[in-house]
Amino acid sequence: MDFICARCETEPPAGVRPVVLGRSGPFKWIKVLRFALKAAKARREGGYDLSIGLGKSYGHDLLRVGGGPQRNFWKLSSRAWPAGFPRIMKRVRRELSPANHIVQWLERKRLRNGPTIVCVSDLVRGWVCEAHPEVDPASVHVIYNKPDFDRFHPVDQKLREDLRHEAGIAPDDVVITTAGTNFALKGVSTLIKALPHLPGNWRLRVAGGRNPSKYRRLAGSLGVGKRVKFLGKVDEMPDFYRTGDIFVLPTFYDACSNAVVEALACGSRVVSTRFNGSSVFLPPEKVLDDPADEHELARKALLAFSEPHEAFFWPEDLPCGMEPYLDLVRELLHNKNSNT
């Protein structure tokens, strides 16, 4: 099995041969385009029985879509930036970026030969079918990412109390946890704005991200600066989830947040938004319609905390993991062999 890639950063699994093409060029759009063209050439010259696409490439038999169409992402995510000049400038920068137009061209091209499509959530499936009406919905499958339950699972109350003590959390504190790299997109501003509407012993702990200074200033201006803690990169995410009472992700756009399912698996209550593919695992009362509505977010957080906690179990009828992919590969290979 060959794996065509731009670079190989780790030792490949047994039986996998990396075909490293590089990603060179003075500008991002050149790098994206050059890799797509070189990958297509390597795929043709390789004479493979089956081609599976995972990124910005085309000409595949099976295509995994990890996020929605770019235009759809732009439309939904624009509200993550303040109305007025910041939002307009974000839109202008996106429209003027040559790399973005190359990505949109690749999106159309990779669907042109009618590949079998796998989306990471039903939400993404809907976005793809809406943006590309030429796609046959019957060719679009959904396979969810399932967390490693050996790693992400609840712990007993004693260990949980020890973890909270080590994290400097007072016994009577109610802790909201959240995580993400892009604070704007993940709705961290909404979370901070919700804190003044929650009791004074409610705290917010944020994992990940780059530069939190703007969000620290926002918290300070609202008088909740001491109730918000930015942790940066967290290596042991299971323990991070276990220290919290509620995991909240008021995201403006998320194909299918792994963090939501991981937090559920670790025994945390969870609130997210209808723009998150993994909100399918949440009851309606814990799904926020508007990621910018801090008042409704505070209400849902209070409601979630007041309810008895229920253990999370993966729905048996929900396709996940590698086996559904293997079934599709077997079916595609069988169909190819039958037609030769």
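Here is a short report on the structure shown in this document. (Residues numbered from 1 in each chain as written. Predicted model: local features only at pLDDT ≥ 70, side-chain atom pairs only at ≥ 80, totals over all residues. Heavy atoms only, no water.)

1. Remarks on the overall build of the protein chain
In step 1: Each helix and strand in the protein chain was counted, giving 12 helices and 12 strands.
In step 2: The C-alpha radius of gyration of the protein chain comes to 22 Å, within 12% of the 20 Å expected for a compact globule of 340 residues.
In step 3: Across its three principal axes, the protein chain shows a C-alpha extent of roughly 70 × 45 × 35 Å.
In step 4: Pairs at least 24 residues apart make up 65% of the contacts formed inside the protein chain by residues separated by at least 6 positions.
In step 5: In the structure as shown, the protein chain presents an accessible area of about 17,900 Å², 54% of it carried by carbon and sulfur atoms.
In step 6: For the protein chain, the distance from the average position of its 50 positive side-chain charges to the average position of its 39 negative side-chain charges is 11 Å. (Helix = DSSP H or I, 4+ residues; strand = E, 2+ residues; numbered from the N terminus. Rg over C-alpha atoms; globule rule 2.2 N^0.38 Å. Contact = heavy atoms within 4.5 Å. Areas by Shrake-Rupley, 256 points an atom, 1.4 Å probe, with all protein chains shown as cover. Lys, Arg positive; Asp, Glu negative; His and termini not counted. Charge placed at Lys NZ, Arg CZ, Asp CG, Glu CD.)

2. Quick notes on the sheet that holds strand 5 (residues 116-119)
In step 1: Strand order across the open sheet formed by 4 strands is 3-4-5-6, with parallel pairing between neighbours. Looking at the sheet topology across the chains shown, the edges are occupied by strand 3 (52-53) and strand 6 (140-142).
In step 2: Alignment of strand 5 against strand 6, held across 3 bridges, turns out to be parallel. Pairing of I117 across the sheet is with V140, part of strand 6.
In step 3: This element, helix 12 (residues 323-338), spans strand 3, strand 4 (62-65), strand 5 and strand 6 of the sheet and lies at about 155° to strand 4. (Pairing = 2+ DSSP bridges. Axes fitted to C-alpha atoms, helices over the stretch in contact; angles between N-to-C directions.)

3. Observations concerning a nonpolar patch on the surface
In step 1: There is a patch of nonpolar side chains on the surface, built from F3, I52 and L54 and spanning about 290 Å² of accessible area.
In step 2: Among the structural elements, I52 can be located in strand 3. (Patch = residues over 30% accessible without salt bridge, like charges linked within 9 Å, V, L, I, M, F, W, Y side chains within 5 Å. Salt bridge = Lys/Arg side-chain N within 4 Å of Asp/Glu carboxyl O.)

4. Remarks on the layout of surface pockets
In step 1: By volume, the largest pocket is sized at about 1,200 Å³.
In step 2: Within the residue set of the lining of the largest pocket, elements represented by two or more residues are strand 1 (2-5), helix 1 (28-46), strand 3 and helix 12.
In step 3: Among the elements that take part in the lining of the largest pocket, helix 1 stands out by supplying 5 residues, more than any other.
In step 4: For the lining of the largest pocket, the class distribution of residues is 24 nonpolar, 6 polar and 8 charged.
In step 5: A volume near 890 Å³ is recorded for the second largest pocket.
In step 6: Lining the second largest pocket are 29 residues, and of these K56, G66, G67, G68 and F73 lie nearest its centre.
In step 7: The biggest single contributor to the lining of the second largest pocket is helix 4 (residues 98-110), with 6 residues.
In step 8: Residue classes in the lining of the second largest pocket are distributed as 12 nonpolar, 9 polar and 8 charged. (1 Å grid on protein atoms, 1.4 Å probe; cavity = no way out; pocket = protein on both sides within 12 Å on 5 of 7 lines; lining within 4 Å. Points joined across faces, edges and corners; volume = space filled by probe spheres on them. Nonpolar A, V, L, I, M, F, W, Y, C, P; charged D, E, K, R; others polar.)

5. Some words on the nonpolar core
In step 1: With 71 residues, the main nonpolar core has Y241 and F247 as its most contacted residues.
In step 2: Of all the elements, helix 10 (residues 258-265) adds the most residues to this core, at 6 residues.
In step 3: Among residues more than four places away in sequence, those in contact with F247 are T177, T178, A179, Y241, A259, V260, A263, S268, R269, V270 and V271.
In step 4: Of all hydrophobic cores here, the second largest spans 8 residues; its members include L50, L62, V118 and I143. (Core = buried A, V, L, I, M, F, W, Y, C linked by side-chain atoms within 4.5 Å. Buried < 20%, exposed > 50% of the residue type's maximum accessible area, 1.4 Å probe, protein only.)

6. Focus: the sheet that holds strand 12 (residues 287-288)
In step 1: Taking strand neighbours across the sheet as the criterion, the 6 strands line up as 9-8-7-10-11-12 in an open arrangement whose pairing is parallel. Where the open sheet ends on each side, the last strands, each with one partner, are strand 9 (228-232) and strand 12.
In step 2: Sheet topology note: the strand 10 (residues 246-249)/strand 11 (residues 269-273) ladder contains 4 bridges and is parallel. Following the sheet pairing, V248 is matched in strand 11 by V271.

7. Some thoughts on empty space enclosed by the protein
In step 1: As enumerated under the stated definition, the model contains 1 cavity of 30 Å³ or more in all.
In step 2: Computed from the structure, the largest cavity encloses a volume of approximately 80 Å³.
In step 3: Those elements that place two or more of their residues in the lining of the largest cavity are strand 4 and helix 4.
In step 4: Split into classes, the residues belonging to the lining of the largest cavity amount to 5 nonpolar, 3 polar and 2 charged.

8. Description of the pairing of strand 10
In step 1: Alternating positions in strand 10 separate into two faces, I246 and V248 on one and F247 and L249 on the other, with burial throughout.
In step 2: A crossover links strand 10 with its parallel partner strand 11, the connecting element being helix 10, and its sense is right-handed. (Right-handed = clockwise from strand over helix to strand, strands pointing away.)

9. Focus on the pairing of strand 9
In step 1: Note: strand 8 (residues 202-207) against strand 9, 4 bridges, orientation parallel. Directly across from V206, in strand 9, lies its bridge partner F230.
In step 2: Each parallel crossover has a hand, and for strand 8 linked through helix 8 (residues 213-221) to strand 9 it is right-handed.

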